[in-house]
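# Understanding the architecture of this molecule
Read off the chains here:
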Amino acid sequence: MIKYNLVENGFTAVYDNDMPADLLANRCLGLLLNLKDDSSMFTTKVTLTLKDCQSNVVYTTVEGSSKEKDYKSAFSEAIKECFVSLSGLGYKFEPTGDTLPATVSFKNDVKRIEEKASVAPKQNMPNPVVEQKATLEEQSYKSMEPVQSNITKAENKPAMALPNVDYKTEQAGVLYAQAIPNGFQLVDSTPKIALRMYATTQANFFIAEGDVHSGVVLKKGDKWYFEYYDGDKLMGQELNIKF
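Right, let's walk through the structure included here. Just so it is clear, the model here is predicted, and its values are computed rather than measured.

For the protein, the count of helices and strands is four helices and twelve strands. In the protein, which comprises 243 residues, the proportion classed as buried is 31%. Contacts in the protein between residues far apart in sequence, at least 24 positions, make up 42% of those at least 6 positions apart. Working note: accessible area of the protein is about 16,100 Å², and carbon and sulfur atoms make up 51% of it.

Structure below.
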């Protein structure tokens with residue numbers, strides 16, 4: 001629901017585990033939306049915040065509240081109140097010369113929540129990939145019973161080929177991990193900060209920023225690797241990290 005409301009208000013919204021390549025390589029191209037739940041026993045209260053890649057809060061919505069007893073209906077009403085303050089921002093995406101426009105898809109939104117969950121259709125969306133109706137005024141969850149989805153997986157769709165990684169032969173010296181907000185900074189023996197790693201929702205998978213390249217740090221087996229793009233070529237380097 002939050003993603004749908006963001007798109008309706010002119011934002012390009014993607015899930016943190018389904019980011020485009022340019023945002024994955026440089027987290028500072030986007031903002032992270034957090035939902036703060038301050039609900040009490042009788043009142044549902046939520047606030048939405050937008051943070052940059054340094055975890056600085058750049059915008060906080062008004063607090064949305066609801067006294068509905070039904071869990072989903074209460075959160076639906078409270079979230080819609082939060083978007084009252086976001087709808088007047090007049091946001092407009094201005095791409096740079098070498099940035100391709102992002103395509104927002106709602107194809108897998110239902111499956112991401114729960115394999116059997118489905119939102120009741122309310123209003124036809126432009127160029128929908130699934131038959132669904134929803135408006136800011138009418139969207140709600142009136143039933144707690146899951147509804148069987150009519151979305152079927154395409155059987156003959158070819159899988160996207162994964163890029164080949166050109167790994168450097170030399171291994172980096174020992175890098176010592178020091179905790180920072182939302183991750184670690186890797187320091188060599190100089191001492192100099194070689195990389196900053198920011199946590200994601202995936203275990204052992206970090207968004208990495210360096211002086212020269214930005215990319216990801218991930219664990220394969222019992223080894224850590226730094227992967228990044230040099231032009232259009234995917235490069236990789238084994239890291240010797242001491243936590």
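Right, let's get into helix H3 (residues 71–86). For H3, with 16 residues, the first-to-last C-alpha span of 23 Å sits near the 22 Å given by 1.5 Å per residue. Within H3, the full set of buried residues consists of Ser73, Ala74, Phe75, Ser76, Ala78, Ile79, Cys82, Phe83, Ser85 and Leu86. Of the surrounding elements, those touching the buried residues of H3 are helix H1 (2–8), strand S1 (32–37), strand S2 (44–51), strand S3 (57–60) and strand S4 (64–66). Sitting at the head of H3, Asp70 places a side-chain oxygen 3.4 Å from the backbone nitrogen of Lys72.

Looking now at the state of the cysteines. With the rule as written, the count across this model stands at one disulfide. Residue Cys28 pairs covalently with Cys53 via a disulfide, S to S 1.9 Å. Here the S-S torsion is close to 80 degrees, and the disulfide linking Cys28 with Cys53 is therefore right-handed. Taken together, the residues Cys28 in the loop between helix H2 (21–25) and S1 and Cys53 in the loop between S2 and S3 connect sequence positions 25 residues apart.

Tallying each qualifying case throughout the model produces six aromatic pairs. Ring geometry for Phe206 and Trp224: centres 6.1 Å apart, planes at 50 degrees, overall tilted. With Phe206 in strand S9 (residues 205–209) and Trp224 in strand S11 (residues 223–230), this pair connects stretches of sequence that are 18 residues apart. For Trp224, a relative accessible area of 10% translates into the label buried. Seen in terms of ring centroids, Trp224 and Phe243 are 5.6 Å apart; in terms of plane orientation they differ by 50 degrees. Their pairing is tilted. Remark: Phe243 occurs in the segment after strand S12 (233–242) and Trp224 occurs in strand S11; sequence separation between them is 19 residues. Residue classification places Phe243 among the exposed positions, given a relative accessible area of 57%. Site record: aromatic cluster; members linked through ring pairs are Phe184, Phe206, Trp224 and Phe243.

Turning to the side chain of Thr49, a few remarks are in order. Relative to the helices and strands, Thr49 is located in strand S2. Thr49 sits in the buried class, given a relative accessible area of 13%.

Turning our attention to the pairing of S12. Where strand S5 (residues 166–167) meets S12, two bridges bridge the pair, whose relative direction is parallel. Residue pairing across strands places Tyr167 opposite Gly236, the latter belonging to S12. In terms of strand pairing, strand S6 (residues 174–180) meets S12 through three bridges, oriented parallel. When the sheet's bridge partners are listed, Leu175 is paired in S12 with Ile241. In this structure, S11 lies alongside S12, joined through seven bridges in antiparallel fashion. Residue pairing for S12: Tyr229 is matched across the bridge by Leu234. What sits between S11 and S12 in their antiparallel hairpin is a turn of two residues, with Gly231 showing a positive phi close to 70 degrees.

The tally for this structure, following the rule as stated, stands at one salt bridge. The shortest N-O distance in the salt bridge between Lys220 and Glu227 comes to 2.9 Å. The exposure class of Glu227 is buried, given its relative accessible area of 11%.

Cut-offs applied
Residues numbered from 1 in each chain as written. Predicted model: local features only at pLDDT ≥ 70, side-chain atom pairs only at ≥ 80, totals over all residues. Heavy atoms only, no water. Helix = DSSP H or I, 4+ residues; strand = E, 2+ residues; numbered from the N terminus. Buried < 20%, exposed > 50% of the residue type's maximum accessible area, 1.4 Å probe, protein only. Contact = heavy atoms within 4.5 Å. Areas by Shrake-Rupley, 256 points an atom, 1.4 Å probe, with all protein chains shown as cover. Expected span 1.5 Å × (residues − 1). Polar contact = N/O pair within 3.5 Å; in protein donor to acceptor, adjacent residues only side chain to side chain. Disulfide = S-S within 2.5 Å. Phe/Tyr/Trp six-rings, centres within 6.5 Å; stacked < 30°, edge-to-face > 60°. Pairing = 2+ DSSP bridges. Salt bridge = Lys/Arg side-chain N within 4 Å of Asp/Glu carboxyl O.

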